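In case you want the letters, here they are:
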Amino acid sequence: MNGGPALVSIMRQGSTLIASVHTALDDSELVRFEHDLIHQIGEHRSRGVIIDVAALDVIDSFAALTLRRIAEMARLRGALTVLVGIQPEVAFTMVRLGMGTGQVPTALDLEEGLALLAAHPGAGTDSTERDARPGSTP
Amino acid sequence: MVRRIVHARVGSHPSAEDLVQETLTRVLAASATIEPGMLEPYAIVTARNVVASMWRDADRRRRNQHRVVDLSTPDLPDSQVVLDEEQSAMATALARLGERERRTLLEHEVSGTDTHTLAARAGSTAGAVAAQLNRTRARLRVEYVLAAEQAELPTDQCRAVLIALSGGDQRRQREVRAAQHLLECELCARLSEPLLERGQQRDDRLRIPVTADPDIVSARRAARELASRLDFAATDLTVIATAVSEVCRNIVRFAGTGEVVVELLEVPRRGIQVVARDGGPGIPDIDRALDDGFSTYGGLGLGLPGVRRLMDEFAIASEPGHGTTVTMTKWERTHDG
Amino acid sequence: MDERPEEHPQTRALHESHWADHGGGEHLLSQLVAHLREHRTRLQEEWSQRIQQAHLLTAMTPQEMAAETTSVYDNYVEVLETGNVEALQHYARDLSERIIPRGVETHEVVGIVLLLRDVLARSLFEKYQRDFSRLNEVLDAYEPAANRIANTVAVSFVDERERIIRQQQDAIRELSTPVLPVRERLLILPIIGVLDSERARQLTEQLLSGIRKHRAKVVVIDITGSPDVDEAVANHLVQTVDASRLMGASVIITGLSPKIAQTLVTIGVDLSKMNTIGDLQGGLEEAERLLGYTVTRKEGSTSS
Ligand SMILES: [Zn+2]
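This is a predicted model, so every value here is computed, not measured.

Right, let's get into the interface of chain A and chain B. Taken residue by residue, the interface counts 22 residues in chain A and 24 residues in chain B. Taken together, both faces of the contact between chain A and chain B bury some 1,900 Å²; the carbon and sulfur share is 56%. For chain A, the biggest contributors to the area lost against chain B are A:V58, A:R96 and A:L97; these three give 27% of the whole. Joining chain A to chain B, the criterion identifies five salt bridges. B:R253 serves as the salt-bridge partner of A:D27, at 3.0 Å between the closest nitrogen and oxygen. Our count for the chain A to chain B interface comes out at nine residue pairs in polar contact (both at pLDDT 80 or more). Among the secondary structure elements, those contributing two or more residues to the side of chain A that touches chain B are α1 (27–44), α2 (61–76) and α3 (88–97) of chain A. With six residues, the single largest contributor to the side of chain A that touches chain B is α3(A). Of the residues that constitute the side of chain A that touches chain B, the class distribution is ten nonpolar, five polar and seven charged.

Have a look at this one:
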């Protein structure tokens, strides 16, 4: 995101990228975020990606789809994406709306997300074992 | 030059309503000294004077500063032309009222004849006379704006729509499909602005134009803020914001332009109502659009069916070629479940 | 009549019903009010005795009762005089708010107002008994107004009572936090009794905020205590499971009765995708396993 106050920050920690969304994003900003993040995943050959959405007070269908798409593109580039920080009200509303996160694993917060990635040394391989992935939505 | 200034002036009135009111007040103040037959001509002259004095008014610059930049340093000849046009606009407006309408309005406002007396004379009821007076005032505001703008109305429907908007009569607005018309008729959309100024001051109702991505975020924010004045649970606020987000996106994606009106309700219960309308292509098959397995974008069966699940009431009306209106409501929770 | 200013509709009704058709009504009214004021001490005393004889307001102390009867009496006369029912309504609400928590019942409040009506009627009877037509006039005027006052008090009392009961129910709901943190990262949500949509919603909200508050990784929802749910609530249950997962918590459902399981299948839930375990004990063992604790008990939980 170039220019203006950062809407999203993307940090690198080892082979993991941590993307924190700081404020509500409109659709075009979400798409820009998607491109930036995918670009960086490829550039850094990241194995894990954490997207922190704690600051989002609304995750509507477009936002949910975009997050899913990011995770899918990341997977194709060999990185496992974990969504962290979905707020209680947002979680319930997403479900009512009919939006899950698909196969994208979720964790309570950044710390949990990092722990989840750490438990997956092969993060990015197509792991579908459910019990070892708390929070994944079948 | 004159056209440009006149154009600016219509939007720059404190409101057309104020002007009409001020005119009548002055006429009323002088009525004791006026001979009966002179009342109407006097009203017209007064109207002109009111407009003129508005321009001489020491505080007019302060009042209009934020709107008419090009008049803040008036060059006199042009101002004088504007002045004349203003005066004749009010005179024209009064003249365009029906003979009986005008007489009743002036008798009520100027002579102070009460509605009971007027009703008795006309063989009507006081309520009916009061309603008629409101319609006349609404009409006068419209005629004033039209005359000031020297506008040619493009369709037969325009005048009825403007009068319904001016009177704030919501039932009539629905009858003449006013909201729809404003999306289709550029002239009425512009003319209705000074007429709607009163309506816009209501603080339990918000109208948000929706044309681009950022509007989706502002609309849902505004809706959440308005809803938070009621006793909604945190989850419900998120639900409302999310539903607004979805319907706004449909406007931006499929219609390009439209609006969202968010309103707090008191009856039959406390709640919040969201009306999203556009003048877009419409939805040919609504049943299919509400089917969970169908969506025109993304192909994942989202959007409208999900919104319907989020809200307590949900209705959609769509006419191919004329746009779509979604009306949805969330009620404040009752305590006994 | 014609020059009567516009008033509150209820006020007007009060006047119309008793003064309207009697010439000199205003005069009659002020006479009546003067009489009731003049004999205030005696009439109020008589009224209090009648209340005691009828065993009303037994929950109040004599001092409280003296204070309340004085206020009610004065308000009553004031309403008769001014026709302002709003003031009485206001007073009745205020009174209700104070006496409802002490267990005063609706019939008691209605009862004391009716007693007051009768005590005052009797005194009017005594005063005018020698002038029969005058008496009729006075009673014709007094009774409809008095009945309306009784009605007003009763209605606002009932309203207030309902409001207070609702408040108490809300408070009880808030107090009973159903989400139990059993150990670090583990929550149990026992569902007991019949679930309606409203209660289901509250449980969900409490569970989801509980997950964040206790940083829970596993939630056991035990529905042993709930024999049956309707489809709406079953749907809600599934949504709660999904929402918990979005927050990063795994959900185990225990105590699923065959009936509820059937309902879930009916609404299209794939039970094989839900982590359901027979009983709470088994559920807790599964939870500990998910959390990475060593299960020291014998292996034997039946994971479905
Ligand atoms: Zn038009």
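There is more to say after this.
What follows deals with the packing of aromatic side chains. What the rule picks out here adds up to zero aromatic pairs over all chains. Note that B:R253 overlies the ring of A:F62, its terminal NZ or CZ placed 5.1 Å from the centroid.

With that settled, the discussion passes to the sheet that holds strand β3 (residues 48–52) of chain A. All names here are of chain A. If you trace the five strands from one edge of the open sheet to the other, you get β1-β2-β3-β4-β5, paired in mixed fashion. A single partner strand is all that each edge strand has here, and the edge strands are β1 (8–13) and β5 (106–107). Direction of pairing for strand β4 (residues 80–84) relative to β5: parallel, over a ladder of two bridges. Within β5, the residue paired with V84 across the bridge is A107.

What the rule picks out here adds up to 39 salt bridges over all chains. A salt bridge links B:E101 to B:R139; the nearest nitrogen and oxygen atoms lie 3.1 Å apart. Taken together, the positions of B:E101 in helix α6 (residues 99–109) and B:R139 in helix α8 (residues 126–149) put the pair 38 residues apart, joining distant regions of the chain. On the accessibility criterion, B:E101 (19% relative accessible area) is buried. Residue C:R134 is joined to C:E137 by a salt bridge in which the shortest nitrogen-to-oxygen separation is 3.2 Å. Pair noted here: C:R134 and C:E137 are both in helix α7 (residues 132–175), with a separation of three residues, about one helical turn. Classification of C:E137 by relative accessible area gives partly exposed; the value is 29%.

Our next topic: the confidence of the model for chain C. All names here are of chain C. Mean pLDDT over chain C: 78, with 84% of residues reaching 70 or higher. Segment residues 1–23: pLDDT under 50, and 35 contacts once partners within four positions in sequence are set aside and those in other chains are kept. Ignoring residues within four places in sequence, the model shows residues 295–304, a span with pLDDT below 50, making 15 contacts including any to other chains. Across the interface, the model reports ipTM at 0.86; the global pTM reads 0.57.

About the criteria used
- Residues numbered from 1 in each chain as written.
- Chains lettered and ligands numbered in written order.
- Predicted model: local features only at pLDDT ≥ 70, side-chain atom pairs only at ≥ 80, totals over all residues.
- Heavy atoms only, no water.
- Contact = heavy atoms within 4.5 Å.
- Buried area = accessible area lost by both parts, 1.4 Å probe.
- Salt bridge = Lys/Arg side-chain N within 4 Å of Asp/Glu carboxyl O.
- Polar contact = N/O pair within 3.5 Å; in protein donor to acceptor, adjacent residues only side chain to side chain.
- Helix = DSSP H or I, 4+ residues; strand = E, 2+ residues; numbered from the N terminus.
- Nonpolar A, V, L, I, M, F, W, Y, C, P; charged D, E, K, R; others polar.
- Phe/Tyr/Trp six-rings, centres within 6.5 Å; stacked < 30°, edge-to-face > 60°.
- Lys NZ or Arg CZ within 6 Å of the ring centre and 35° of its normal.
- Pairing = 2+ DSSP bridges.
- Buried < 20%, exposed > 50% of the residue type's maximum accessible area, 1.4 Å probe, protein only.
- pLDDT = per-residue confidence, 0-100.

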